[in-house]
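Chain by chain, the residues run as shown.
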Amino acid sequence: MGHRQFLAVDRPLRLEAGGVLPGYQLAYETWGTLNSDASNAVLVEHALTGDSHAAGPAGPGHPSPGWWDGLIGPGRALDTDELFVVVPNVLGGCQGTTGPASPDPDGKPWGSRFPRVTVRDQALAEAALADALGVERWALVLGGSMGGMRALEWAVTLPGRVEALLVVASTAAASAEQIAWASPQLHAIRADPAWRGGDYYDAAPGEGPHRGLGIARRIAHVTYRSEPELTDRFGRRRQAPGDARYAIESYLDHHADKLVRRFDANSYLLLTESMNDHDVGRDRGGVGEALSRVTARTLVAGVDSDRLYPSYQARDLAAALPGSGEAAVISSPYGHDSFLIETPQIAGLVKALLD
Ligand SMILES: CC(=O)SCCNC(=O)CCNC(=O)[C@H](O)C(C)(C)COP(=O)(O)OP(=O)(O)OC[C@H]1O[C@@H](n2cnc3c(N)ncnc32)[C@H](O)[C@@H]1OP(=O)(O)O
Ligand SMILES: N[C@@H](CCO)C(=O)O
């Protein structure tokens, strides 16, 4: 429990954009025990640079403690004395699940040949994990940001398999603004000469497209926080005497340095484009029509200071989801990243939905 496991899926996955993956591996972690009628399983979906390690301390293969540790564990909102909590790493990612850095059937890294993957494909890929674990119907599927997109796709694509749904700081379809913020990030990586068209896996250690990925993370990280928070925390301060950088620049450098040490640039591109492509209404007669398929008990929450996924998107989503009440508001100065920081508020939402 709480250590990384792997599921090998040996059948082809036909992808929405037309490609095929001949097979794939999913990395996942679980906490708690599946009960005899498999009615206590919860699926937790991570965001862009998250992974399967949602709970527990740092350890081998996990440089950081679980990203929703405050939520998952004995006596916590996702009480692992009662619930069986499952967290897969997303398809196309780089933390154990098949992605561009993984070997193709000939044993060479996929690199530029890895097919385009949508959020819908990612949810369907995870259905194989539910099957393998013996979970026909999740008691709850939840996630924030990109994880919220995946949770929503589960509830629309496989409505009979989702009893309750919690979507935090996310949207039914990526907006022009969200695609706009992603655009310079994609360009930054592709403009890095070390990216080499996506086939850089033979580069010496430290010589991959780290500059491009670091620039992408700096741009993204600004959008993850709020303007008042940055003003309060950093203002116009310089980082240190003799350091020409402003403190905010040093902060962004730090987050860029941390990401390039743990994340693959091609996965960043792929996942960013899957978020750009996210639209639950695609080929389903539009967003309203798609959301009308959802049978789960639902709760949607937005963050009042989120400039990347503004809270009106949560309100619109809640209004269009059958049976969902008004969107909940997470009140926080921390912007989009509040879904990772304000765990007591998320815990309240989980409890409200489960009770
Ligand atoms: C679900 C998932 O998908 S995400 C997986 C986890 N997410 C991430 O790692 C994303 C990147 N990190 C983050 O977004 C945030 O750190 C969060 C959301 C995880 C936590 O937010 P907070 O607790 O508010 O952390 P904050 O953004 O202030 O960052 C703290 C770090 O910045 C560093 N820092 C703060 N000020 C400065 C500065 N002026 N110069 C350099 N570094 C600085 C701190 O030392 C600390 O470093 P550490 O994380 O290596 O210990
Ligand atoms: N900090 C989060 C934000 C994206 O939603 C991440 O890196 O996954």
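Remember, it's a predicted structure, so these values are computed and weren't measured experimentally.

Neighbouring ligand 1 are 19 residues, the closest being Arg225, Ser250, Tyr251, His254 and Asp337. Protein contact buries 66% of the 1,000 Å² of open area that ligand 1 shows by itself. For the shell around ligand 1, the secondary structure elements donating two or more residues are α4 (210-224), α5 (227-234), α6 (247-260) and α10 (338-341). It is α6 that contributes the most residues to the shell around ligand 1, 6 residues altogether. In terms of residue class, the shell around ligand 1 is built from 7 nonpolar, 6 polar and 6 charged. Two domains each donate at least three residues to the shell around ligand 1, and these are domain 1 (5-174 + 278-354) and domain 2 (178-274).

It is worth spelling out α6 at this point. Compared with an ideal rise of 1.5 Å per residue, which puts 14 residues at 20 Å, α6 spans 20 Å between its outermost C-alpha atoms and is within 8% of the ideal. Turning to α6, its buried residues number three or more, namely Ala247, Ser250, Tyr251, Leu252, Asp253, Ala256, Leu259 and Val260. Summarising the contacts, the buried residues of α6 are in contact with α4, α5, β11 (238-240), β12 (243-246) and α7 (265-277).

Okay, the sheet that holds strand β4 (residues 24-31) next. With respect to topology, 8 strands assemble into an open sheet ordered β1-β4-β8-β5-β9-β10-β13-β14, the strand pairing being mixed. Looking at which strands have only one partner, the edges of the open sheet turn out to be β1 (5-9) and β14 (328-330). Mean inter-strand twist for the sheet, computed between neighbouring axes without regard to direction, equals 25°. When β1 meets β4, the two strands line up antiparallel, connected through 5 bridges. What sits directly across from Leu7, in β4, is Leu26.

Moving on to the UniProt feature "active site" (unreviewed entry) in the protein chain. The sites that UniProt annotates as "active site" (unreviewed entry) are Ser145, Asp306 and His336. These annotated residues cover 192 residues of sequence, and their C-alpha atoms lie no more than 10.8 Å from one another, placing them together at a single site. As for the lining of the largest pocket, the annotated residues named previously contribute Ser145 and His336. Looking at where Ser145 falls in the secondary structure, it is placed in the loop between β9 (140-144) and α2 (146-157). Excluding anything up to four places from it in sequence, Ser145 contacts Ala47, Val168, Ala169, Ser170, Tyr309, His336 and Phe339. Within the secondary structure layout, Asp306 lies in the loop between β13 (297-303) and α9 (311-320). The class for Asp306 is buried, based on a relative accessible area of 4%.

Take the packing of aromatic side chains next. Counted under the stated rule, the structure contains 6 aromatic pairs. Look at Trp67 and Trp68: their rings are 5.1 Å apart centre to centre, the planes differ by 35°, and that puts the pair in the tilted class. According to the relative accessible area criterion, Trp67 is buried, its value standing at 17%. Seen in terms of ring centroids, Phe263 and Tyr268 are 6.4 Å apart; in terms of plane orientation they differ by 90°. Their pairing is edge-to-face. Owing to a relative accessible area of 0%, Tyr268 belongs among the buried residues under this scheme. The ring of Tyr246 has Arg238 lying over it, and the distance from NZ or CZ to the ring centre is 4.2 Å.

A few words on the pairing of β12. Put simply, side chains in a regular strand alternate between the two faces of the sheet. Inspection of the sheet shows β11 paired to β12 by 2 bridges, in the antiparallel sense. Bridge pairing in β12 places Arg238 opposite Tyr246. Two successive antiparallel strands, β11 and β12, enclose a turn made up of 2 residues, where Gly242 displays a positive phi of approximately 85°.

Before going further, it helps to examine the domain arrangement of the protein chain. Taken domain by domain, the protein chain holds domain 1 (5-174 + 278-354) and domain 2 (178-274). Taken over C-alpha atoms, the centre of domain 1 sits 24 Å from the centre of domain 2. Each partner contributes to the interface: domain 1 provides 38 residues, whereas domain 2 provides 29 residues. At the boundary of domain 1 with domain 2, total buried surface from both sides reaches about 2,600 Å², with 56% on carbon and sulfur atoms. Considering only the surface of domain 1 that becomes buried against domain 2, Leu48, Thr49 and Arg307 emerge as the three largest contributors, covering 25% of it. Put simply, domain 1 and domain 2 have 2 salt bridges between them. The salt bridge partner of Asp337 is Arg225, with a shortest N-O separation of 3.3 Å. Seen at the junction of domain 1 and domain 2, the total is 17 residue pairs in polar contact (both at pLDDT 80 or more). Among the residues making up the side of domain 1 that touches domain 2, the classes are represented as 21 nonpolar, 14 polar and 3 charged.

Below, the discussion takes up the layout of surface pockets. What the largest pocket holds in volume is close to 1,000 Å³. Secondary-structure elements contributing two or more residues to the lining of the largest pocket are α3 (176-191), α4, α6, α7 and α10. With 5 residues, α4 is the largest single contributor of residues to the lining of the largest pocket. Classifying every residue of the lining of the largest pocket gives 19 nonpolar, 16 polar and 6 charged. A domain split of the lining of the largest pocket shows at least three residues from each of domain 1 (5-174 + 278-354) and domain 2 (178-274). In this model, the second largest pocket occupies a volume close to 240 Å³. In this structure, the second largest pocket is lined by 16 residues; those nearest its centre are Phe114, Arg190, Leu269, Leu270 and Glu273. Along the lines of polarity and charge, the residues of the lining of the second largest pocket split into 7 nonpolar, 6 polar and 3 charged. The two domains that each donate at least three residues to the lining of the second largest pocket are domain 1 (5-174 + 278-354) and domain 2 (178-274).

Calculation rules
Within every chain, residues take consecutive numbers counted from 1 along the sequence as written. Chains and ligands are labelled sequentially in the order written, the chains with letters from A and the ligands with numbers from 1. This being a predicted model, a pLDDT of at least 70 is required before a residue's local features are given, and a value of 80 or more before pairs of side-chain atoms are given or counted; all residues contribute to the totals for chains, interfaces and linings. The basis for every side-chain value is the complete set of non-hydrogen atoms in the structure, without hydrogens or water. By convention in this text, a residue qualifies as near a molecule or strand provided that one of its non-hydrogen atoms is within 4 Å of it. Values of accessible area rely on a 1.4 Å probe in the Shrake-Rupley scheme; residue burial ignores everything except the protein chains shown. Working definition: helices are DSSP H or I runs of at least four residues, strands are E runs of at least two. Numbering for both runs from the N terminus. All amino acids are sorted into three groups, where Ala, Val, Leu, Ile, Met, Phe, Trp, Tyr, Cys and Pro are nonpolar, Asp, Glu, Lys and Arg are charged, and the leftover types, Gly among them, are polar. Domain start and stop points were drawn from an automatic or database domain assignment. Residue count minus one, scaled by 1.5 Å, sets the expected span of a helix. Residue burial is assigned from relative accessible area. The probe radius is 1.4 Å, only protein chains are included, and a residue is buried under 20% of its type maximum, exposed over 50%, and partly exposed in between. Any pair of residues with heavy atoms lying within 4.5 Å of one another is described as a contacting pair. What makes two strands pair is DSSP finding at least two bridges between them. Helix axes use the C-alpha atoms of the stretch in contact, all axes being lines fitted to C-alpha atoms, and the angles between their N-to-C directions lie in the range 0 to 180 degrees. UniProt positions are given in the numbering used here, feature names are shortened, and annotations may be inferred rather than shown by experiment. Here a cavity is any set of points on a 1 Å grid over the protein atoms alone where a 1.4 Å probe fits but cannot get out, and a pocket is any open set with protein on both sides within 12 Å along at least 5 of 7 lines; a residue lines the site when it has an atom within 4 Å of a point. Ring pairs shown here join Phe, Tyr and Trp side chains whose ring centres sit within 6.5 Å, with only the six-membered ring taken for Trp; geometry is labelled stacked below 30 degrees between planes, edge-to-face above 60, and tilted in between. Note on criteria: charge over ring means Lys NZ or Arg CZ within 6 Å of the ring centre, with the direction from the centre no more than 35 degrees off the ring normal. We define buried area as the total accessible area lost by two parts upon association, computed with a 1.4 Å probe and summed across both. A pairing counts as a salt bridge when a side-chain nitrogen of Lys or Arg comes within 4 Å of a carboxyl oxygen of Asp or Glu. Identification of polar contacts relies on pairs of N or O atoms within 3.5 Å, with a donor-acceptor requirement for protein atoms, meaning one able to donate a hydrogen and the other able to accept it, and with residues adjacent in sequence counted only if both atoms are side-chain atoms. Grid points are joined across faces, edges and corners, and a volume is the space filled by probe spheres set on the points.

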